[in-house]
Amino acid sequence: DQQVKQNSPSLSVQEGRISILNCDYTNSMFDYFLWYKKYPAEGPTFLISISSIKDKNEDGRFTVFLNKSAKHLSLHIVPSQPGDSAVYFCAATVSSNTGKLIFGQGTTLQVKP
Amino acid sequence: DTAVSQTPKYLVTQMGNDKSIKCEQNLGHDTMYWYKQDSKKFLKIMFSYNNKELIINETVPNRFSPKSPDKAHLNLHINSLELGDSAVYFCASSQGETASYNEQFFGPGTRLTVL
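Here is what the cut-offs are and how they apply
Residues numbered from 1 in each chain as written. Chains lettered and ligands numbered in written order. Predicted model: local features only at pLDDT ≥ 70, side-chain atom pairs only at ≥ 80, totals over all residues. Heavy atoms only, no water. Helix = DSSP H or I, 4+ residues; strand = E, 2+ residues; numbered from the N terminus. Rg over C-alpha atoms; globule rule 2.2 N^0.38 Å. Contact = heavy atoms within 4.5 Å. Buried area = accessible area lost by both parts, 1.4 Å probe. Salt bridge = Lys/Arg side-chain N within 4 Å of Asp/Glu carboxyl O. Polar contact = N/O pair within 3.5 Å; in protein donor to acceptor, adjacent residues only side chain to side chain. Nonpolar A, V, L, I, M, F, W, Y, C, P; charged D, E, K, R; others polar. Disulfide = S-S within 2.5 Å. Buried < 20%, exposed > 50% of the residue type's maximum accessible area, 1.4 Å probe, protein only.

Visitor: Which residues make up the overall build of chain A, and what values go with them?
Guide: Broken down by element type, chain A carries zero helices and eleven strands. Its helices and strands in sequence order give chain A the pattern β-β-β-β-β-β-β-β-β-β-β, from N to C terminus. Taking 2.2 N^0.38 as the reference for a compact globule, 113 residues should give roughly 13 Å; the C-alpha atoms of chain A span a radius of gyration of 13 Å, in line with that estimate. Seen through its principal axes, chain A has C-alpha atoms that stretch 40 × 30 × 20 Å.

Visitor: Lay out the interface of chain A and chain B in plain terms, naming residues and giving numbers.
Guide: The interface of chain A with chain B comprises 22 residues on the first partner and 23 residues on the second. Of all residues in chain A, Thr98, Gly99 and Phe103 of chain A bury the most surface against chain B, accounting for 25% of the area lost on that side. Summed over the shared surface of chain A and chain B, the number is one salt bridge. As a salt-bridge pair, Lys100 of chain A and Glu58 of chain B come within 3.1 Å of each other at their nearest N and O atoms. The interface formed by chain A and chain B holds four residue pairs in polar contact (both at pLDDT 80 or more) in total. Elements with a minimum of two residues in the side of chain A that touches chain B: strand S4 (32-38) and strand S9 (86-93) of chain A. In terms of residue count, S4 of chain A provides more of the side of chain A that touches chain B than any other element does, four residues in total. Along the lines of polarity and charge, the residues of the side of chain A that touches chain B split into ten nonpolar, nine polar and three charged.

Visitor: Summarise the state of the cysteines; cite the residues concerned and give the values.
Guide: Cysteine pairs can be covalently joined through their sulfur atoms, and such a bond is termed a disulfide. According to the stated counting rule, one finds two disulfides over all chains in the structure shown. Between the sulfur atoms of Cys23 of chain A and its disulfide mate Cys90 of chain A the distance is 2.0 Å. Disulfide Cys23 of chain A to Cys90 of chain A: torsion about the S-S bond roughly -70°, handedness left-handed. Here Cys23 of chain A, found in strand S3 (residues 19-25), pairs with Cys90 of chain A, found in strand S9; they are 67 residues apart in sequence, far enough to count as distant. Since its relative accessible area comes to 0%, Cys23 of chain A is described here as buried. With relative accessibility at 0%, the residue Cys90 of chain A sits in the buried group. A disulfide bridge connects Cys23 of chain B with Cys91 of chain B, and the sulfur atoms are separated by 1.8 Å. On the sign convention where negative means left-handed, the S-S torsion of about -75° between Cys23 of chain B and Cys91 of chain B marks this disulfide as left-handed.

See the structure below:
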């Protein structure tokens, strides 16, 4: 029973365009959400997060949107750059729980020059 | 100047063997984790330790035993390896326990293949 799902295994976009990565969750107790980015042969690195009290958080080219009623979040990258090509993992947690992140299975983003 | 390091990077072994994966962090963090990335690519937490004390212990076979000799190290020992143990294992660390306030830093992973 996967509580966090990324239904698109891959996404390909042109450099300069917008990349939109999606994530759905089922556990209504989740109140904090994160995106991690992973390059081959490296561990995931934290990218951006959002608390459930917000519906949007922006950091440079990266924006995360949260729709609690739909139990859906998305990561927007604008403009996309070739260096953004990586696997993106969505993760969720209940902030009162100690450190337990529930990850999705990742979406591989390819940004073409 | 690696923040979270794991050894070995690759591990190929026979069924039934016992093996260990080592993890070290030089970030001064209090909390360390082990995750398993299975064939379906989901990253799942296995264990976490805070100041050498076990705080998360997911439903993991008893053949897996974490050992934390000090707060900078969290090793994973696996007994009687099975084919299904083949996966990539990631170590991570964070300053505190709460995931929402403490970014987790991951090591590069150890790819374990059981033949």
